Amino acid sequence: MPEITWEEPFCAEGNNCFRLGTDTTGNAYIAIAGREDEPLTDTREALATLIRDIKAGKADHLL
């Protein structure tokens, strides 16, 4: 697996923490904090689209 630069965890109440990361080859990663060895992987563009869609409210029905 390539070298991943992880951001600080995003945590809700309790221990529900996620981490976002990127590598130098254009990939993005999402993992549960503490389980970074098992990330969901896609392109940085896919991660950017996910973030934009969430900010636009397209996942509000999941709240």
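Residues numbered from 1 in each chain as written. Predicted model: local features only at pLDDT ≥ 70, side-chain atom pairs only at ≥ 80, totals over all residues. Heavy atoms only, no water.

### Things to note about the overall build of the protein chain
Summing up its helical and strand segments, the protein chain has one helix and five strands in all. Starting at the N terminus, the α and β elements of the protein chain follow one another as β-β-β-β-β-α. Across its three principal axes, the protein chain shows a C-alpha extent of roughly 35 × 30 × 15 Å. Each of the 63 residues in the protein chain was classed as buried or not, and the buried ones make up 21%. Approximately 4,900 Å² of the protein chain is accessible, and the part contributed by carbon and sulfur atoms is 55%. Here the protein chain carries 6 positive and 12 negative side-chain charges, and the mean point of each set is 6 Å from the other. (Helix = DSSP H or I, 4+ residues; strand = E, 2+ residues; numbered from the N terminus. Buried < 20%, exposed > 50% of the residue type's maximum accessible area, 1.4 Å probe, protein only. Areas by Shrake-Rupley, 256 points an atom, 1.4 Å probe, with all protein chains shown as cover. Lys, Arg positive; Asp, Glu negative; His and termini not counted. Charge placed at Lys NZ, Arg CZ, Asp CG, Glu CD.)

### As for the confidence of the model for the protein chain
Model confidence for the protein chain is summarised by a mean pLDDT of 92, while 97% of its residues fall at 70 or above. Considering each helix and strand of the protein chain separately, the mean pLDDT is smallest for strand β2 (residues 10-11), with a value of 90, and largest for strand β1 (residues 5-6), with 96. (pLDDT = per-residue confidence, 0-100.)

### Points about the side chain of Asp23
If you trace the backbone, Asp23 turns up in the loop between β3 (17-22) and β4 (27-32). Buried charge without a salt bridge: Asp23, with Arg44 as the nearest opposite-charge side chain at an N-O distance of 5.1 Å. Side-chain polar atoms of Asp23 contact the backbone nitrogen of Asn27, separated by 3.0 Å. Here Tyr29 takes part through its side chain, which lies 2.6 Å from a polar atom of the side chain of Asp23. Ignoring any residue separated from it by four or fewer positions in sequence, one finds Asp23 in contact with Pro2, Glu3, Tyr29 and Arg44. (Salt bridge = Lys/Arg side-chain N within 4 Å of Asp/Glu carboxyl O. Polar contact = N/O pair within 3.5 Å; in protein donor to acceptor, adjacent residues only side chain to side chain. Contact = heavy atoms within 4.5 Å.)

### What about the pattern of salt bridges?
Summed over all chains, the structure comprises four salt bridges. The salt bridge partner of Arg19 is Glu36, with a shortest N-O separation of 3.1 Å. Of this pair, Arg19 sits in strand β3 while Glu36 sits in the loop between β4 and β5 (40-43), and the two are 17 residues apart along the sequence. An identical accessibility class is assigned to Arg19 and Glu36; each is buried.

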